[in-house]
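# Results of the structural survey
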Amino acid sequence: EMQMAAERKKRAAVIQSEGEKLKAINEAKGDAQSRIIDANADAEAILIEGQAEAEKMRIEAERASRAIEALAKTLNGDPSDAAKYKLAQQFIDTQGRLATSDNSKVILSN
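Residues numbered from 1 in each chain as written. Predicted model: local features only at pLDDT ≥ 70, side-chain atom pairs only at ≥ 80, totals over all residues. Heavy atoms only, no water.

## Some words on the overall build of the chain
When its secondary structure is counted, the chain shows two helices and zero strands. The C-alpha atoms of the chain give a radius of gyration of 35 Å, which is well past the 13 Å a tight globule of 110 residues would have. Projected onto its principal axes, the C-alpha coordinates of the chain cover approximately 110 × 35 × 20 Å. Within the chain, the proportion of its 110 residues that are buried is 3%. In the structure as shown, the chain presents an accessible area of about 9900 Å², 57% of it carried by carbon and sulfur atoms. Mean positive and mean negative side-chain charge positions of the chain (17 and 19 charges, respectively) differ by 4 Å. (Helix = DSSP H or I, 4+ residues; strand = E, 2+ residues; numbered from the N terminus. Rg over C-alpha atoms; globule rule 2.2 N^0.38 Å. Buried < 20%, exposed > 50% of the residue type's maximum accessible area, 1.4 Å probe, protein only. Areas by Shrake-Rupley, 256 points an atom, 1.4 Å probe, with all protein chains shown as cover. Lys, Arg positive; Asp, Glu negative; His and termini not counted. Charge placed at Lys NZ, Arg CZ, Asp CG, Glu CD.)

See below:
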């Protein structure tokens with residue numbers, strides 16, 4: 001009878017060990033799948049942000065193009081004069097923002 005008890009005890013230990021092993025494997029698989037899902041979600045978010053930024057840039061470029069075309073019509077149809085005017089206007093706006101910022105600055109001009 002002692003031998004049977006020892007066998008049962010041994011079998012119970014083996015079964016418990018197998019159960020712990022399966023539990024560890026399942027937890028590791030779950031963690032790996034969770035990391036994959038998180039990585040895919042992050043990648044999708046980056047893609048969507050990139051697409052939104054590209055669309056924003058396209059819209060801004062379209063607006064700038066229309067503004068230059070309208071300005072060119074005002075300046076007797078010369079698009080290069082309109083582009084120069086627009087560039088000078090942006091330069092003046094940028095210089096104004098730099099002049100009022102809290103940062104130290106050196107502005108060189110020719």
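## Examining the pattern of salt bridges
If you walk through the whole model with that rule in mind, you get three salt bridges. Between Glu-62 and Arg-58 there is a salt bridge whose closest N-O contact spans 2.5 Å. With Glu-62 and Arg-58 both in helix H1 (residues 2-74), this residue pair falls four residues apart, about one helical turn. When the shortest N-O distance is used, the salt bridge between Arg-66 and Glu-62 registers 4.0 Å. Placement of both Arg-66 and Glu-62 in helix H1 is noted, with a separation of four residues, approximately one turn of the helix. A cluster of three or more residues bridged by salt bridges with shared partners is formed by Glu-55, Arg-58, Glu-62 and Arg-66. (Salt bridge = Lys/Arg side-chain N within 4 Å of Asp/Glu carboxyl O.)

## With respect to the environment of Ala-12
You can see Ala-12 is positioned in helix H1. Sequence separation between Ala-12 and Leu-87 is 75 residues, and the spatial gap between their C-alpha atoms is 83 Å.

## Observations concerning H1
Here H1 spans 108 Å end to end across 73 residues, near enough to the 108 Å set by a 1.5 Å rise per residue. Asn-76 lies just past H1 and shows a positive phi near 65°. (Expected span 1.5 Å × (residues − 1).)

## Comments concerning the packing of H1 against helix H2 (residues 79-100)
As a packed pair, H1 and H2 sit with axes 8 Å apart at the nearest point and diverge in direction by 120°. Taken as a pair, H1 and H2 cross one another with a handedness that is right-handed. Seen from H1, the contacting residues are Ile-68, Leu-71 and Ala-72; seen from H2, they are Pro-79, Ala-82, Ala-83, Tyr-85 and Lys-86. Across the contact of H1 with H2, the residue classes break down as seven nonpolar, no polar and one charged. (Axes fitted to C-alpha atoms, helices over the stretch in contact; angles between N-to-C directions. Left-handed = near helix turned anticlockwise from the far one by under 90°. Contact = heavy atoms within 4.5 Å. Nonpolar A, V, L, I, M, F, W, Y, C, P; charged D, E, K, R; others polar.)

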